[in-house]
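Remarks on the overall topology
The chain contents come next:
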Amino acid sequence: VFIKVKNKHFYRPNDANYFKELMKFCDSIEIDSEQLIKVAREELIKEEDPTKRTNKRTAWVRSMHKLDQKTFYAKRNNTNNRLDTNFTNLPKALMNEIKAKNGLLEIDAVNSQPAILANLIKEKVNDDYVQDAINGQLYEKVSKEMNWTRDKTKHGIMVIFFSPEIYSNKLKKVLLELYPETMKYIDNYKSQNGYNQLAILMQKKESELYIDGVLDKLYSLGITAISKHDSIIFH
């Protein structure tokens, strides 16, 4: 069941306030469609894989079309409770252009997913993972071991966290050496509950923190803002 307002949609009456706040945010910014198209073209040229470039183009055009036509949506995801809007999956380059155009700032949590996991398992493991994750040192420590950039390490760790327990590569072997109890716990949890359930559990906790916590508090204070998973974007 969804409620339709002209050409703007939000799903389920329970999401009405999130839709209202999204509309307030959208009314407070200017979206330059022509400039977004220009940025998209410049970014797509950088993609060497033709298939990925085509898929990106399709998704980006769809996102920009919704913004241009003012077809907005805000709904809590049934699986992980995340708040999905026009902006949550908007490509970073396009979001950066909108932020620059409107003087928006974005605050995100460093090391968010590893720290959430650390808090979920801190009573169950006894290696250095919890301390490294909560102190924001995990990516740096693993990057040094792998001789990788921080971004590459972050992506690699997320792949391991969200892959089946049988998945294995060089990075996972390093993680097993650094954090044996944690990695064993993660693999056992996936084996017992289904490999995707760990990711869903972490995303639910993320939503509890950033949507039910931070974003709802900002709305109660009359502050216009949107969330993008573990970040908040505001004037």
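Here is a short report on the structure shown in this document. Nothing here was measured: the structure is a model prediction, and the numbers come from that model.

1. What to know about the nonpolar core
In terms of nonpolar packing, the biggest core is built from 33 residues, with Phe87, Leu94, Ile98 and Leu215 touching the most fellow members. Of all the elements in the fold, those that place two or more residues in this core are helix H1 (16-27), helix H2 (33-45), helix H3 (50-68), helix H4 (92-102), helix H11 (196-220), strand E6 (225-227) and strand E7 (231-234). If one sorts the elements of this core by residue count, H1 sits on top with six residues. When near neighbours in sequence (up to four residues on either side) are disregarded, leucine 94 contacts Leu36, Val39, Ala40, Trp60 and Met64. Core analysis: the next-biggest nonpolar cluster, separate from the first, contains 25 residues, Tyr139, Val142, Met183 and Leu198 among them.

2. Considering the environment of valine 214
Looking at the element boundaries, valine 214 is found in helix H11. Overall, valine 214 belongs to the partly exposed group, its relative accessible area being 34%. Taking the C-alpha atoms as reference points, valine 214 and aspartate 128, 86 residues apart in sequence, are found 29 Å from one another. If we ignore the near neighbours within four places in the chain, the residues touching valine 214 are Leu209 and Ile232.

3. Here's the deal with the pairing of E7
Of the two faces of E7, the one lined by Ser231 and Ile233 and the one lined by Ile232 and Phe234 are each fully buried. Here strand E5 (residues 105-108) pairs with E7 via four bridges, running antiparallel. Its bridge partner lying in E7, glutamate 106 is registered against isoleucine 233. In this structure, E6 lies alongside E7, joined through three bridges in antiparallel fashion. Along E7, the bridge assignment pairs serine 227 with isoleucine 232. From the end of E6 to the start of E7, which pair antiparallel, there are three residues, and histidine 229 there has a positive phi angle of about 60°.

Rules behind the numbers
- Residues numbered from 1 in each chain as written.
- Predicted model: local features only at pLDDT ≥ 70, side-chain atom pairs only at ≥ 80, totals over all residues.
- Heavy atoms only, no water.
- Core = buried A, V, L, I, M, F, W, Y, C linked by side-chain atoms within 4.5 Å.
- Buried < 20%, exposed > 50% of the residue type's maximum accessible area, 1.4 Å probe, protein only.
- Helix = DSSP H or I, 4+ residues; strand = E, 2+ residues; numbered from the N terminus.
- Contact = heavy atoms within 4.5 Å.
- Pairing = 2+ DSSP bridges.

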